[in-house]
Amino acid sequence: LHLGFNQNVGIGTTNPSAKLEVRSTDDTKIKVIKTGSIATVLGAYDSGESRLSSEGTNGFTTFYTGSSTSEKVRIDESGNVGIGTDSPTAKLHIKDDAIALLKIEGGQNVVDSARLELLEQSSIRYGAVIKYDGNSNLTSIGGIDSGVDRDVMSFSRSGTSLSLKTNSTNRLTIINGGNVGIGT
């Protein structure tokens, strides 16, 4: 233990560069324990992993921001993440008293710049996809079959066209003037 001239405390170092610096050639943990069996552990490991964990019964980790006294994010003992809720019931649970917004933002003028995939667990990708193509300015909703996107419905960002497809072939198009094309 070393107390530097700058009031920094070093454990395993004689030249601490922060208020508390812990150095070791082995896995290193800092543990804060509340009387009993509840602890918060911050660790650095040889594998390159940094870890923040909660130990004890009904362990969960919470995050607060700024001077807020209200919880912003919680990770419960089963791995569920809650944003705006202290009792998440899914792997990601977002709650807001006004508008619960999930934003996925991709690059400008990039093919499939933003996408949301809903997949079943399988070595071959099966499921559904909602995507925005910044290159063509089209939003598409469709399926994923054997890892291949099968767009079912596409519409333009400006609202000038709507297309319906089956088997990746355009079957119906409606353009902004109301004209309908079948098989075009």
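The sections below set out a description of the structure shown in this document.

Criteria and cut-off values
Residues numbered from 1 in each chain as written. Predicted model: local features only at pLDDT ≥ 70, side-chain atom pairs only at ≥ 80, totals over all residues. Heavy atoms only, no water. Pairing = 2+ DSSP bridges. Helix = DSSP H or I, 4+ residues; strand = E, 2+ residues; numbered from the N terminus. Axes fitted to C-alpha atoms, helices over the stretch in contact; angles between N-to-C directions. Phe/Tyr/Trp six-rings, centres within 6.5 Å; stacked < 30°, edge-to-face > 60°. Lys NZ or Arg CZ within 6 Å of the ring centre and 35° of its normal. Buried < 20%, exposed > 50% of the residue type's maximum accessible area, 1.4 Å probe, protein only.

### Observations regarding the sheet that holds strand β17 (residues 180–182)
- Sheet architecture is open: seven strands sit in the order β11-β12-β13-β14-β15-β16-β17, paired in antiparallel fashion. This sheet does not close on itself; its edge strands, each paired only once, are β11 (114–119) and β17. Here the strands of the sheet are splayed against their neighbours by 20° on average, with no regard to which way each runs.

### Thoughts on the pairing of strand β15 (residues 161–166)
- Bridge analysis of strand β14 (residues 148–156) against β15 gives three bridges, and the strand direction is antiparallel. Across the sheet, the residue bridging to F155 is L162, located in β15.
- Count of turn residues in the β14/β15 antiparallel hairpin: four residues, of which G159 carries a positive phi of about 80°.
- By the bridge criterion, six bridges tie β15 to strand β16 (residues 169–175) in an arrangement that is antiparallel. Among the inter-strand pairings, S163 is bridged to a residue of β16, identified as T173.
- The antiparallel pairing of β15 with β16 creates a hairpin that spans two residues between the two strands, and N167 there sits at a positive phi of about 55°.

### Digging into the packing of aromatic side chains
- By the definition in use, this model includes zero aromatic pairs.
- The ring of Y45 carries the charged tip of R51 above its face, separated from the ring centre by 4.4 Å.

### Re unusual backbone geometry
- The residue D112 is not glycine, and still its phi comes out positive at about 50°.
- Checked against the element boundaries, D112 lands in the loop between β10 (92–94) and β11.
- The class for D112 is partly exposed, based on a relative accessible area of 24%.
- The backbone of N137 sits at a positive phi, close to 60°, despite the residue not being glycine.
- With relative accessibility at 23%, the residue N137 sits in the partly exposed group.

### Some points on the sheet that holds strand β9 (residues 81–83)
- Spatial ordering of the open sheet is given by β7-β8-β9-β10, a layout of four strands whose pairing is mixed. The open sheet has two free edges, formed respectively by β7 (61–63) and β10, since each of these has just one partner strand. Each adjacent strand pair in this sheet contributes to an overall mean axis angle of 15°, direction not counted.
- Of the strand pairs in this sheet, β7 and strand β8 (residues 73–75) are connected by three bridges, and their pairing is antiparallel. Among the inter-strand pairings, T61 is bridged to a residue of β8, identified as I75.

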